Amino acid sequence: MAIKEPIVIQCTEELLVYSELHMMPDEQGGVCAVRFVTEDILIRAEICRGSVLEIAIPAGYHWDGATIPRPCWSIIGHPTDPQFALASLAHDWFCEHSETRPIRVMGDAIFLWLLRHAGVPAWRHYAMFLAVSGYRRFVWRAAK
């Protein structure tokens, strides 16, 4: 039996083809949007000239988009905004699988790079990057 190669994606538009949005119950008795990866994918990001980072994510992996507090939605955007999809997927994957600070820092940096690559305005991608960096410094570090 031949091994199926993962689908290589480099932008959010490609990710949206290989993922599906579902409404799922949340802890408060409401519903939240969760996106599921439908195929094994390989995110390929050329983070600097000649240096390509690849992140393999298996089919079935799910994430809830960018973690943006509800009061900030009118300023930053909705967590499931397609413009944030690829960056939030890669970042969530890194957050769930990083056990050391350097790996988590790299996940935050890739989040920033993917937001820039997706065309998110500078003020918005820096605000989002500062939020995840602050979380890493003050909350994640304390939990590890």
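Structure first, text after, so check above.
These figures come from a predicted structure and were not determined experimentally.

### Overview of the sheet that holds strand 2 (residues 19-25)
No. 1: Strand order in the open sheet made by the 3 strands is 2-3-6, with antiparallel pairing throughout. Bordering the open sheet on either side are strand 2 and strand 6 (62-63), each of which pairs with just one other strand.
No. 2: Two elements, strand 3 (residues 31-37) and strand 6, share 2 bridges in a ladder whose sense is antiparallel. The partner of arginine 35 across the bridge, within strand 6, is tryptophan 63.

### Description of the pattern of salt bridges
No. 1: For the structure on display, the rule yields 2 salt bridges.
No. 2: For the salt bridge of glutamate 54 with arginine 44, the shortest nitrogen-to-oxygen distance reads 2.5 Å. Remark: arginine 44 occurs in strand 4 (residues 41-48) and glutamate 54 occurs in strand 5 (residues 51-57); sequence separation between them is 10 residues.
No. 3: Judged by its relative accessible area of 41%, glutamate 54 falls in the partly exposed class.
No. 4: The exposure class of arginine 44 is partly exposed, given its relative accessible area of 29%.

What counts, and at which threshold
Residues numbered from 1 in each chain as written. Predicted model: local features only at pLDDT ≥ 70, side-chain atom pairs only at ≥ 80, totals over all residues. Heavy atoms only, no water. Pairing = 2+ DSSP bridges. Helix = DSSP H or I, 4+ residues; strand = E, 2+ residues; numbered from the N terminus. Salt bridge = Lys/Arg side-chain N within 4 Å of Asp/Glu carboxyl O. Buried < 20%, exposed > 50% of the residue type's maximum accessible area, 1.4 Å probe, protein only.

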